[in-house]
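Residues per chain are reported as follows:
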Amino acid sequence: MDRYLVYGNPIAQSKSPQIHAAFATETGQNIDYQKQLVEEDGFKAAADAFFLAGGCGLNITVPFKIDAFDYAHELTERARTAGAVNTLKRLEDGRILGDNTDGAGMVSDIVDILGWPIADQRVLVLGAGGAVRGVLQPLLEQGPAQLVVANRTVAKALTLVREFKSFGKLQACGFDDLEDEQFDLVINGTSASLAGDLPPLPEDLLAPGARCYDMMYGAEPTVFLRWAEQQGAAAVADGLGMLVGQAAEAFELWREVRPRVVPVIEALRDQLKA
């Protein structure tokens, strides 16, 4: 049986084993997928031991995505661009491939599952941290009419513009600079929702028919999504579909078969509501 793990610290909350078990059942794959708590300075030793023992692949969550980036022998273009890795695969020659499936998972959720357009839309991304870094290339590849990164510290957003400008038109600003601007799609990539906080967003930020997406998720709507509904958003969604979508990308990289995501999203949603 092929072995896979997800590394993180903390890790108890991870839904990855449940997600990949569902994928394996649906696609007829014989795998064993578990989660493992790794000490913050113990990533390399843990990964070395896992792959030496014949492990096939790792998922990586906080705080090890940079460690995984440095650990990989080879990188996909999207991992190299993101500067972070959330998926490792042992290749036939024993070398380790690093990938980043976060952005593709989010875009697939938005476009394929929710049916929201990104192409030719005015898109605003809130935040400039690692979560946003991982999604900019896939977003730009969709061909939005405009993509703006807004952050409390403008310098961080400007750094992303310099690094990702080769993939498409990208702009940076502070939250104060959003006055008199309107967007068709607003994506919250800050961790503020987890603390119940909201970036200082102006009134009338949402264009008629605008949609809002939070990369975070929970049993209840996030504070950002509650704000969006109060502002009259046409539709809102949290990041549960992104979680399942990025897992599906990793599963396909490992097993060369694409699992269905909608049944898993629905099952997880039912659990959150229970």
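Reading the values: the criteria
- Residues numbered from 1 in each chain as written.
- Predicted model: local features only at pLDDT ≥ 70, side-chain atom pairs only at ≥ 80, totals over all residues.
- Heavy atoms only, no water.
- Axes fitted to C-alpha atoms, helices over the stretch in contact; angles between N-to-C directions.
- Helix = DSSP H or I, 4+ residues; strand = E, 2+ residues; numbered from the N terminus.
- Parallel < 35°, antiparallel > 145°, perpendicular 65-115°, else oblique.
- Left-handed = near helix turned anticlockwise from the far one by under 90°.
- Contact = heavy atoms within 4.5 Å.
- Nonpolar A, V, L, I, M, F, W, Y, C, P; charged D, E, K, R; others polar.
- Pairing = 2+ DSSP bridges.
- Buried < 20%, exposed > 50% of the residue type's maximum accessible area, 1.4 Å probe, protein only.
- Right-handed = clockwise from strand over helix to strand, strands pointing away.
- Core = buried A, V, L, I, M, F, W, Y, C linked by side-chain atoms within 4.5 Å.

Teacher, can you tell me more about the packing of helix H1 (residues 16-27) against helix H10 (residues 240-255) here?
Two quantities define a packed helix pair, namely the angle between the axes and the distance from one axis to the other. With their axes 10 Å apart at the nearest point, H1 and H10 run at an angle of 55 degrees to one another. With respect to H10, the axis of H1 lies oblique. Like other packed secondary-structure pairs, H1 and H10 cross with a definite hand, here right-handed. Residue-level inspection shows Ile19, His20, Phe23, Ala24 and Thr27 of H1 in contact with H10, the latter providing Leu243, Val244, Ala247, Ala248, Phe251 and Trp254. Taken together, the residues of the contact of H1 with H10 sort by class into 9 nonpolar, 2 polar and no charged.

What should I look at first to understand the sheet that holds strand E3 (residues 57-60) in this one?
Working definition: the strands of a sheet are paired by backbone hydrogen bonds and lie parallel or antiparallel to each other. Pairing is mixed in the open sheet, where 6 strands are placed in the order E2-E1-E3-E5-E6-E4. Looking at strand neighbours, the two that pair on one side only are strand E2 (31-37) and strand E4 (74-75), the edges of this open sheet. Here E4 runs beside strand E6 (residues 96-99); their pairing, made up of 2 bridges, is parallel. Looking across to E6, one finds that glutamate 74 is bridged to leucine 97. The strands touched by H1 are strand E1 (2-8), E2 and E3; relative to E2, the strand with the most contacts, the crossing angle is about 175 degrees. With respect to the sheet, helix H2 (residues 43-52) is in contact with E1, E2, E3, strand E5 (87-90) and E6, its orientation differing from that of E1 by roughly 175 degrees.

Is there a simple way to explain the pairing of E1 in this structure?
Of all the 7 residues making up E1, 5 are buried; the element is thus mostly covered by neighbouring parts of the structure. Direction of pairing for E1 relative to E2: parallel, over a ladder of 7 bridges. Pairing of arginine 3 across the sheet is with aspartate 32, part of E2. With H1 bridging E1 and its parallel neighbour E2, the resulting β-α-β unit is right-handed. By the bridge criterion, 4 bridges tie E1 to E3 in an arrangement that is parallel. From the neighbouring strand, leucine 5 faces E3, where its bridge partner is leucine 58.

Just to check I follow, could you spell out the environment of alanine 250 for this structure?
Here alanine 250 lies in helix H10. With 80 residues separating them in the primary sequence, alanine 250 and leucine 170 have C-alpha atoms 27 Å apart. Not counting chain neighbours up to four residues away, the residues in contact with alanine 250 comprise Asn59, Thr87 and Thr101.

Looking at this structure, how should I read the side chain of glutamate 249?
Within the fold, glutamate 249 resides in helix H10. Not counting chain neighbours up to four residues away, the residues in contact with glutamate 249 comprise Arg78, Thr101, Ala104, Gly105 and Arg258.

Is there a simple way to explain helix H9 (residues 223-230) in this structure?
Because an α-helix completes one turn every 3.6 residues, residues spaced three or four positions apart along the sequence face the same direction. Within the sequence span of H9, burial applies to Val223, Phe224, Leu225, Trp227 and Ala228. On its buried face, H9 is in contact with strand E7 (122-126), strand E10 (183-188), strand E11 (206-214) and strand E12 (235-237). Of the residues trailing H9, glycine 232 is marked for its positive phi of about 85 degrees.

What should I look at first to understand the side chain of aspartate 99 in this one?
One can find aspartate 99 in strand E6. Since its relative accessible area comes to 1%, aspartate 99 is described here as buried. Residue contacts for aspartate 99: discarding those within four places in its chain leaves Thr76, Arg78, Ala79, Val85, Asn86, Thr87 and Leu253.

Sorry, what's going on with the nonpolar core here?
What tends to happen in soluble globular proteins is that the nonpolar side chains get buried as a cluster. Counting 26 residues, the largest nonpolar core has Met106, Leu136, Leu139, Leu147, Ile187 and Tyr213 as the members making the most contacts within it. Those elements giving two or more residues to this core turn out to be helix H5 (102-113), E7, helix H7 (136-141), strand E8 (146-150), helix H8 (154-164) and E10. Looking at this core, the element that brings in the most residues is H8, giving 4 residues. Discounting residues that sit within four places of it in the chain, leucine 139 has contacts with Met106, Val107, Ile118, Val125, Pro144, Leu147 and Ile187. Within the second largest apolar cluster, 22 residues are counted, among which are Ile19, Ile31, Ala250 and Val261.

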